[in-house]
Every structure is written in structure tokens, then in C-alpha cells.
Amino acid sequence: MKLLPAAIAALMLATSVRAADAPLPDLDLVYAVQYAGINAGEADISLKPDTQPGCYRYDTNTRPVGFVKALFGAPNQYSRFCVKDGVVRSQRYESVLKDDDEQSYRLDFDYVKRQVTDENGQVREIPAEAVDSFSLQQAVRLWVAQHANDAEPPIARFTMVDRKNLTYYQLKIVGRETVKTPAGVFETIRLDRIDNPNKVGRYWLAAERAWMPVKIETRSGKKPSLIMSLKR
């Protein structure tokens, strides 16, 4: 049967959407954390299906040690998000710092109204594409999966919502690198943050780990670097 060009395009689009919305695999990862070149503990990250189809629960629990625990406590993050047509949509985000209610907060997202509401009932307007700071990692992961084989990948642009602000990220694929971590050696795509010269962000994502980062390096201004390396 011969298909008309419009029919072919429609078929390709439908196939693309189905692929984009294929269920995300469960994750249970452990990262070793270094701050200023010193062991700072571990972080557990898990991704599980939520109650609604196409929705997920994304958690991180930290186990800091030494002066890092004394300075920063043990912050944890929880994000519920959904994926539709390959796009991440945050539903609820929580940042929890044990025994510190002042630093803990919650955000509920309403994309119909383009609003986010915090734990105190304060409402803010947000752009249509905005996501919370934690599910942003999954948005980046899906973007890399889509563009990993592009001859000239575009600049990735994301809008992140935190407790008070919007941050507009620009990320660029700068090449492929072999990375050694406690979990082994990985062939990766390296993604760099390029929107702010005072904010360093480097991310190494591996296809064999479903495009999750196997190494992350961040630094703000003159502060020491934070490095997370996949442990298992």
C-alpha cells in the first residue's frame, strides 16, 4: 500500500510520540559525593511508577558525613511528575531538610493555570515549560536520549522553578568521553551548562544506564566543587 506524504508524516509522528512516552525504567542508584575534594557521603536516587499511567515518583535521600553534615544537614528531595508526548510535567515537589522547617518547602504545579503554589498557599505565575529542580534531571535525560545521535545537537533550554525564583538553563552537548566511576567505566555524552559563567555544571550521561548521569560536577562562583559519581 502506497502512503501519501501527509500519511507518512502522521505515522512518523505517532511512532515518535509512542517512543517518547514509553515507560521509564525503574531506577535504584547510589552516588558517592565529594565536596571540596573530600568524601561527603552518599546519595540514593530512585525512580518508580506512580499511581497514574505515565507518572512517576522520583526520590533522593542523602547520607552526608563529617563537616558536610554539620554545615548542610541531610537534604532530601521528592518529585512527582508525568511525561506526555515526551515532555516532563511536574506535579508536586518537596525539599525536606530534617529538623529545619525553615529550609523545607513544597511546590504544587498547575499547568492549566500556569501557576505554582507553595506550602503556605502563595501562588506564582510560571512559564508553560517550567519544571521543578529535581524532575529537571529527567527532562534533561529525555532530551539527551532524543538528541544523542544528532550531527549538530541544538542547545537545550529548560526553565526551573525553586522556592523563590525561575532559572533559565542552557545546556550544550560538548562531546563524548570515557568516564571512570566507582561503578565502572562508561562511554558517555558530556553536557555542559553554558548560560552563566559563574555557575559550572558538567554532566556525563551513559546510554547503558538509560541516559542517567554517571558523574556530575557543579560549582557556584568561588565555592568548592560538588562531584557525584555513580557507585552502584
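Think of each chain on its own: its residues are numbered from 1, step by step along the sequence as written. Whole-chain, interface and lining totals are the exception, using all residues; otherwise, since this is a predicted model, local features are given only for residues with pLDDT of at least 70 and side-chain atom pairs are given and counted only at 80 or more. As a rule here, side-chain values come from all non-hydrogen atoms in the structure, and water together with hydrogens is ignored.

Asker: Could you give an account of the environment of Phe67, with specific residues and numbers?
Answerer: Counting from the N terminus, the helices are DSSP H or I runs at least four residues long and the strands are E runs at least two residues long. You can see Phe67 is positioned in helix 2 (residues 66-72). Taking C-alpha positions, Phe67 is 9.9 Å from Ile38, a pair spaced 29 residues apart along the chain.

Asker: Got a sec to walk through the pattern of salt bridges? Specific residues and values, please.
Answerer: For salt bridges, the criterion is a side-chain nitrogen of Lys or Arg within 4 Å of an Asp or Glu carboxyl oxygen. Taken as a whole and judged by the stated rule, the model has 13 salt bridges. The residue Lys48 makes a salt bridge to Asp28 at a minimum N-O spacing of 2.6 Å. One end of the pair, Lys48, is in strand 2 (residues 38-49); the other, Asp28, is in strand 1 (residues 27-35), and 20 residues separate them in sequence. In this structure Lys48 comes out as partly exposed when scored by relative accessible area, which is 30%. Between Glu217 and Arg202 there is a salt bridge, with the nearest N and O atoms lying 3.4 Å from each other. Working definition: with a 1.4 Å probe on protein chains only, accessible area under 20% of the residue-type maximum means buried, over 50% means exposed, and in between means partly exposed.

Asker: Please provide a residue-by-residue account of the state of the cysteines, values included.
Answerer: Pairs of cysteine sulfur atoms within 2.5 Å are what we label disulfides. Scanning all chains against the criterion turns up one disulfide. Shown here is the disulfide that connects Cys55 with Cys82, its sulfur atoms set 2.0 Å apart. Sign of the S-S torsion, about 95 degrees for the bond between Cys55 and Cys82, identifies this disulfide as right-handed. One end of the pair, Cys55, is in strand 3 (residues 55-64); the other, Cys82, is in strand 4 (residues 75-84), with 27 residues separating them in the sequence. The residues Cys55 and Cys82 share a single accessibility class, namely buried.

Asker: I'd like a rundown of the pairing of strand 4, residues and numbers included.
Answerer: When DSSP locates at least two bridges between a pair of strands, those strands are taken to pair. Where strand 3 lies against strand 4, six bridges are found, and the strand directions are antiparallel. Residue pairing across strands places Thr60 opposite Gln77, the latter belonging to strand 4. Sheet topology note: the strand 4/strand 5 (residues 87-97) ladder contains 10 bridges and is antiparallel. In the strand pairing of strand 5, Cys82 is matched with Arg89. Counted along the chain from strand 4 to the antiparallel partner strand 5, the turn is two residues long, and its residue Asp85 has a positive phi close to 55 degrees.

Asker: Hey, could you go over the packing of aromatic side chains for me, with residue numbers and the actual values?
Answerer: Two rings from Phe, Tyr or Trp (for Trp, the six-membered ring) form a pair when their centres sit within 6.5 Å of each other. Planes less than 30 degrees apart are called stacked, planes more than 60 degrees apart edge-to-face, and all others tilted. Following the criterion strictly, the structure yields five aromatic pairs and no others. Ring geometry for Tyr58 versus Phe81: centroids 6.4 Å apart, planes at 85 degrees, classification edge-to-face. Residue Tyr58 is found in strand 3, and its partner Phe81 is found in strand 4; the two are separated by 23 residues along the sequence. In terms of burial, Tyr58 and Phe81 fall into one category: buried.

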